[in-house]
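Here's the letter readout for the chains.
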Amino acid sequence: MFTLIRIELFKIFSKWRTYIGFIAIAALIPLIEIAMLIQKERTFDWITRSMGQSFIFVGNFLNTYFVSYLIINSIALHIPFLITLVAGDLLAGEATAGTYRMLLTRPVSRFKVVTSKFAAGLIYANMLVFWLALISMGLGYILFGTGELIVSKSAQIIIFERTDVIWRFVLAYGYAALCMCVVTSVAFFFSSLVENAIGPIITTMAIIIVFLIISAIDIDFFQKLKPFLFTSYMLNWQSFFDSPVDIDSIIKAVLVLAGHIAVLYTATLLIFKRKDILT
Amino acid sequence: MKKVIYLIILLFTAAMAQIKDPDIILNNVKKASERVKDYQANVRIKLDIPFIKAPDSDAKIYFKAPDKMHIESKTFALLPKEGMDFSPAALLKGNYTAIYVKEEMIDGIKASVVKVIPNNEKSEVILSTLWIDQKTSTIRKVETTAKVNGTFVIELKYDGKNQYNLPSNLVFTFNADRISLPKAFSDNNTEGAKKKEIKSRQGRVYITYTNYIINKGISDSIFEKKK
């Protein structure tokens, strides 16, 4: 199985489109951080303006933690589109290339083929999130150093000590990786149904957009649907930056997302096992 | 008999004059504070504000008469703007009208209550009420109503460890109604997240002063704003 996964990873990283996500993150994040470096304390104007009349802020709040938090908050909902570019191509790409028959006539079961491709897709998703974390925090550390993290929520401002931040980021990025695995699962599922990668890529993007819109509209009927949409749980990484951390909501979200992955993987497996390869 | 009556009247008059003249009371306070040319101290700050959650923090305060102040911290500090400079020079700036109100017990100490109204209409402060311990010529409590920041109260406690009667503790109480929270960059609009309601808008900041170094000289360069 590990050999199959290695082969699938080789195939993934042999395609130029795989690097779009990495290049996009590598270009965008330094741009954001350099802009903040130029702005310096004015980055905080929107926090300190309203409170500056009553309080004096002392300390290095413009640090890698704040910058990384701002970045993950800004692009958490956009990273999925970079995931679909690869995940949507995992199965459909074989059909497009005409390599299905060659692949499936080998003495490797369909179960192993699907599982190895799925695992490779998950590894890619995790690598992309790791890359995001590395660039955000690594470059942020070089440019801004460390300090306390100030988080502005709707009814509260929370300041975390610098020693109380790293574990939150580790868990938050871990949770974000789980969310990207769900996106991978969705794209992978659609990839098993068609013979062209464009379909699953666009379909997955469309599903994410529609679900996000449904979640945002404040109508009772849609609010009842909200707990069943995986996109409703994609921002739960913010819960790691609460004090205290709402463990119950995080556990519930993790179980829902893990459930999505399990169901979609199982569905893909069942479909692919019965699929007639005609191309 | 006449001598006794004269003595009683003399003592009574002396007592009345000592207590009732607000300008004398305030001048005594100013004179006592003028002994402090500069000081530096370590401070520990504890915030008890409903809409701010922050751990206790440490900072160092530098003060140089009449009104230079500098605060620095190795980690972070969030301090109330008003009340950091509790010197009488800062509290009794400009021309004002002082009115003696009464005597009141505060923390077991008899304090004279004096109201101070700035004569300048453009002054930020509308009215200040000071509770002054005449024995030590120190301010025990200040209640100020300002145009922008509303009403806030500063309570000063003294442990008597320094001869210049600088406070060991300061409690700053304010009404946070006028403070608007910045726009959230994470609305906590996550599924299952519990919505928080902030019921009370009164905030308190507790500041503990230790390790005073008084009148040892502080360079002006410390107070220059770093760019």
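Higher on the page you've got the structure.
Residues numbered from 1 in each chain as written. Chains lettered and ligands numbered in written order. Predicted model: local features only at pLDDT ≥ 70, side-chain atom pairs only at ≥ 80, totals over all residues.

## Looking at the sheet that holds strand β6 (residues 96-106) of chain B
Residue and element names in this part refer to chain B. In spatial order, the strands read β4-β3-β1-β12-β11-β10-β9-β8-β7-β6; together these ten strands make up an open sheet with antiparallel pairing. Pairing within the sheet leaves two strands with one partner each, and these edge strands are β4 (68-72) and β6. On average, each strand axis in the sheet is inclined to that of its neighbour by 20°, with strand direction left out of account. Bridge count between strand β11 (residues 169-175) and strand β12 (residues 202-214): seven bridges; the pairing is antiparallel. When the bridges of β12 are listed, F172 appears paired with V205. Along the sheet, helix α2 (residues 22-33) makes contact with β6, β7 (109-118), β8 (125-133) and β9 (138-146), crossing β6 at roughly 85°. (Pairing = 2+ DSSP bridges. Helix = DSSP H or I, 4+ residues; strand = E, 2+ residues; numbered from the N terminus. Axes fitted to C-alpha atoms, helices over the stretch in contact; angles between N-to-C directions. Contact = placed C-beta atoms within 7 Å.)

## Structural notes on the nonpolar core
Residues and elements named next belong to chain A. Ranked by internal contacts, the top residues of the largest apolar core, which has 112 residues, are I83, L128, A176, C179, M180 and V182. In terms of residues, this core owes the most to one element, helix α9 (residues 166-191), which gives 16 residues. Sequence-distant contacts of C179, defined by excluding residues within four places in its chain, comprise M234 and L257. (Core = buried A, V, L, I, M, F, W, Y, C linked by C-beta atoms within 7 Å. Buried ≥ 20, exposed ≤ 12 C-beta atoms within 10 Å, placed from the backbone.)

## Considering the sheet that holds strand β2 (residues 149-152) of chain A
Here we have three strands laid out as an open sheet, ordered β2(A)-β3(A)-β2(B), and mixed in their pairing. Strand pairing shows two members of the sheet lacking a second neighbour, β2 of chain A together with β2 (52-53) of chain B, which therefore form its edges. Of the pairings in the sheet, the one linking strand β3 (residues 157-160) of chain A to β2 of chain B comprises two bridges and is parallel in character. Bridge assignment links I158 of chain A to a residue of β2 of chain B, and that residue is K53 of chain B.

## Digging into the packing of helix α2 (residues 18-39) of chain A against helix α5 (residues 79-87) of chain A
All names here are of chain A. Where α2 contacts α5, the axes come no closer than 7 Å and their chain directions differ by 160°. On the basis of their axis angle, the class for α2 and α5 is roughly antiparallel. Here α2 and α5 pass one another in a crossing that is left-handed. Contacts between α2 and α5 pair T18, I20, G21 and A24 from the former with L82, L85 and V86 from the latter. Classifying every residue of the contact of α2 with α5 by side-chain character gives five nonpolar, two polar and no charged. (Parallel < 35°, antiparallel > 145°, perpendicular 65-115°, else oblique. Left-handed = near helix turned anticlockwise from the far one by under 90°. Nonpolar A, V, L, I, M, F, W, Y, C, P; charged D, E, K, R; others polar.)

## Overview of the pairing of β12 of chain B
Examined bridge by bridge, strand β1 (residues 38-48) of chain B and β12 of chain B share nine bridges and lie antiparallel to one another. By the bridge assignment, D48 of chain B is partnered in β12 of chain B with R204 of chain B.

## With respect to unusual backbone geometry
Residue S243 of chain A is joined to P244 of chain A through a cis peptide bond whose omega torsion reads 0°. Of note, P244 of chain A is situated in the loop between α11 (220-225) and α12 (247-274). Cis rather than trans, the peptide bond between A65 of chain B and P66 of chain B has omega equal to 5°. By the element assignment, P66 of chain B lies in the loop between β3 (57-64) and β4. The backbone of S137 of chain B sits at a positive phi, close to 55°, despite the residue not being glycine. Tracing the sequence through the fold places S137 of chain B in the loop between β8 and β9. Since 18 C-beta atoms lie within 10 Å of it, S137 of chain B is described here as partly exposed. Phi at N165 of chain B takes a positive value of approximately 55°, unusual for a residue other than glycine.

## Topic: the packing of α2 of chain A against helix α8 (residues 110-144) of chain A
Residue and element names in this part refer to chain A. Running from amino to carboxyl end, α2 crosses α8 at an angle of 25°, the nearest separation of the two axes being 10 Å. Relative to α8, α2 is oriented roughly parallel. Crossing handedness for the pair α2 and α8: right-handed. Here G21, F22, I25, A26, I29, P30, E33 and L37 of α2 come into contact with α8, specifically with L128, W131, L132, I135, S136, L139, G140 and L143. Class assignment for the residues of the contact of α2 with α8 results in twelve nonpolar, three polar and one charged.

## Comments concerning the environment of G59 of chain A
The residue G59 of chain A is located in strand β1 (residues 55-59) in this model. Residue classification places G59 of chain A among the buried residues on the basis of 20 C-beta atoms within 10 Å. The sequence separation of G59 of chain A and K226 of chain A amounts to 167 residues, and the corresponding C-alpha distance is 40 Å. Sequence-distant contacts of G59 of chain A, defined by excluding residues within four places in its chain, comprise G147 and E148 of chain A together with S73, T75, F76 and A77 of chain B.

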